[in-house]
Amino acid sequence: MEVNWTIRGEEKLQAFVEENATISYSQAVELLKEQFLADNSIKEFVVPADKSKSAAEVKKSLMGITMNYDAQGTQLGAGKAYLDAGKEVARKDVTIVFM
């Protein structure tokens, strides 16, 4: 499955990582992607204690939006569930916003 990522407010995420994490910004983005793909209803990016400068878990609020599409590029879950029956997600467009 193809996943397209957009991060809005990147400068806020970068400042948070520089201030609170012992990992690089690119490692933090990969961690964020892992967390979001595991549960796309998360409302916070979590830097675990072992990757935190304070040795305690730190969190940054976010808003995430996922749009799913089938192999033909038709949006799934657009309010017409009867049309989505039997279709598999071929592409996800994910937008994460840091405020």
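Up top is the structure these notes are about.
As a starting point, this report considers the structure included with it. (Residues numbered from 1 in each chain as written. Predicted model: local features only at pLDDT ≥ 70, side-chain atom pairs only at ≥ 80, totals over all residues. Heavy atoms only, no water.)

Remarks on the pairing of strand β6 (residues 91–97)
Rule in force here: Between any two strands, at least two bridges found by DSSP are needed for them to pair. Numbering of helices and strands runs from the N terminus; a helix is a DSSP stretch of H or I covering at least four residues, while a strand is a stretch of E covering at least two.
Note: strand β1 (residues 2–8) against β6, seven bridges, orientation parallel. Bridge assignment links W5 to a residue of β6, and that residue is V94.

Quick notes on the nonpolar core
Soluble globular proteins tend to bury their nonpolar side chains together. Rules: Definition of nonpolar core: a set of buried residues of the types Ala, Val, Leu, Ile, Met, Phe, Trp, Tyr and Cys, connected through side-chain atoms within 4.5 Å. Only protein chains enter the accessibility calculation, which uses a 1.4 Å probe. A residue is then buried if its area is under 20% of the maximum for its type, exposed if over 50%, and partly exposed in between. Only heavy atoms enter the contact rule, under which two residues are in contact if any of them lie within 4.5 Å.
Of all hydrophobic cores here, the largest spans 19 residues; its most connected members are L13, F16, L32, F45, L62, I96 and F98. With five residues, helix α2 (residues 25–38) is the largest single contributor of residues to this core. Sequence-distant contacts of F16, that is, excluding residues within four places in its chain, are made with A21, F45, V47, V58, K59 and K60.

Quick notes on the packing of aromatic side chains
Using the following cut-off: Two rings from Phe, Tyr or Trp (for Trp, the six-membered ring) form a pair when their centres sit within 6.5 Å of each other. Planes less than 30 degrees apart are called stacked, planes more than 60 degrees apart edge-to-face, and all others tilted.
What the rule picks out here adds up to two aromatic pairs. Ring centres of W5 and F36 lie 6.3 Å apart, and the angle between their planes is 75°; on these two criteria the pair is classed as edge-to-face. Taken together, the positions of W5 in strand β1 and F36 in helix α2 put the pair 31 residues apart, joining distant regions of the chain. Measuring from centroid to centroid gives 6.3 Å for F16 and F45, while their planes differ by 70°, and the two rings are edge-to-face. Here F45 lies in strand β2 (residues 44–47) and F16 lies in helix α1 (residues 10–20), a separation of 29 residues in the sequence.

Some words on unusual backbone geometry
Leaving glycine aside, a negative phi is the common case for residues, and trans is the common case for peptide bonds. Backbone geometry places A55, a non-glycine residue, at a positive phi of 60°. Relative to the elements of secondary structure, A55 occurs in the loop between β2 and β3 (58–61).

Thoughts on the sheet that holds β1
Stated precisely, the cut-off is as follows: To obtain an axis, a line is fitted to C-alpha atoms, over the contacting stretch when the element is a helix, and the angle between two such axes runs from 0 to 180 degrees between their N-to-C directions.
Here we have four strands laid out as an open sheet, ordered β1-β6-β4-β5, and mixed in their pairing. Of all the strands in the sheet, the pair left with one neighbour each is β1 and β5 (75–76). In this structure, strand β4 (residues 63–69) lies alongside β5, joined through two bridges in antiparallel fashion. Its bridge partner being in β5, Y69 is matched across the sheet by Q75. The strands touched by α2 within the sheet are β1, β4 and β6, with β1 carrying the most contacts at an inclination of about 120°.

Structural notes on the pattern of salt bridges
What counts is decided by this rule: Salt-bridge detection follows one rule: a side-chain nitrogen of Lys or Arg within 4 Å of a carboxyl oxygen of Asp or Glu.
Applying the stated criterion across every chain yields a total of five salt bridges. Across the salt bridge formed by E30 and K33, the nearest N and O atoms sit 3.8 Å from each other. Remark: K33 and E30 occur in helix α2; sequence separation between them is three residues, near one turn of the helix. With a relative accessible area of 21%, K33 lands in the partly exposed category. The shortest N-O distance in the salt bridge between R91 and D93 comes to 3.0 Å. Classification of R91 as partly exposed rests on a relative accessible area of 24%. Connected via shared salt-bridge partners are E44, E57 and K59.

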